[in-house]
Amino acid sequence: MRCPKCKIDDDKVIETRVSKEGETIRRRRQCQNCGFRFTTYETVIPADITVVKRDGRREEFKPEKLRSGINMACWKRSVSQEAVDKIVGDITNSLALLSQSEVPTAQIGELVMAALKQLDEVAYVRFASVYRHFQDADAFISAVHSLAETPEEADNKNHD
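Worth saying up front: this structure is predicted, and the values here are computed from it rather than measured. (Residues numbered from 1 in each chain as written. Predicted model: local features only at pLDDT ≥ 70, side-chain atom pairs only at ≥ 80, totals over all residues. Heavy atoms only, no water.)

(A) Quick look at the environment of Arg 27. Secondary-structure assignment places Arg 27 in strand β2 (residues 24-31). Sequence separation between Arg 27 and Thr 39 is twelve residues, and the spatial gap between their C-alpha atoms is 5.6 Å. Excluding its chain neighbours within four sequence positions, the residues that come into contact with Arg 27 are Val 13, Glu 15, Thr 16, Phe 38, Thr 39, Thr 40 and Glu 42. Among the polar contacts listed, one links the side chain of Arg 27 to the side chain of Thr 16, at a separation of 3.1 Å. Only 2.6 Å separates the side chain of Arg 27 from the side chain of Glu 42, close enough to count as a polar contact. (Helix = DSSP H or I, 4+ residues; strand = E, 2+ residues; numbered from the N terminus. Contact = heavy atoms within 4.5 Å. Polar contact = N/O pair within 3.5 Å; in protein donor to acceptor, adjacent residues only side chain to side chain.)

If you want it as structure tokens, here you go:
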């Protein structure tokens, strides 16, 4: 593994942890050249899942990009890395079970928001504000109010 600081590929693993679900391996590494410590994650990547972006571009599904977005939403929140790993693993598995090989970003975003809504409401609102491109305070306030709705209220609102 290449050191993010000095770019040398001489490191040693100093700690290895397997997630509770057994789907992710977290490794703490130390660069033999500069001593910098960093973390890597190993996950199974489903074969041939392509993400279709809003502008029509296509790219390979990368769980690390998903993890990065969730980590940003959870920044300075009391959300464990194990909880983030579980969300990433669950979403990755859900995508692997789909019959289609191309998945729109909207579908992935909805999966993330559903998971974050259950895990941490502040992280949910943060993610939603970026994902849904809130343009004004009203959109933000609406998202916060939706957290207080019961599923029945939200369903009735959508059918009105």
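(B) Fine view of the pattern of salt bridges. If you walk through the whole model with that rule in mind, you get ten salt bridges. Two residues, Lys 53 and Glu 59, come together in a salt bridge whose shortest N-O distance is 3.6 Å. The class for Lys 53 is partly exposed, based on a relative accessible area of 22%. Judged by relative accessible area, Glu 59 falls into the partly exposed class, the value being 23%. Among the ionic pairs, Asp 55 bridges to Arg 57, the shortest N-O distance being 2.8 Å. Taking the relative accessible area as the measure of exposure, Asp 55 reaches 54% and is therefore exposed. Taken together, the salt bridges that share partners define one network made up of Lys 53, Glu 59 and Lys 65. (Salt bridge = Lys/Arg side-chain N within 4 Å of Asp/Glu carboxyl O. Buried < 20%, exposed > 50% of the residue type's maximum accessible area, 1.4 Å probe, protein only.)

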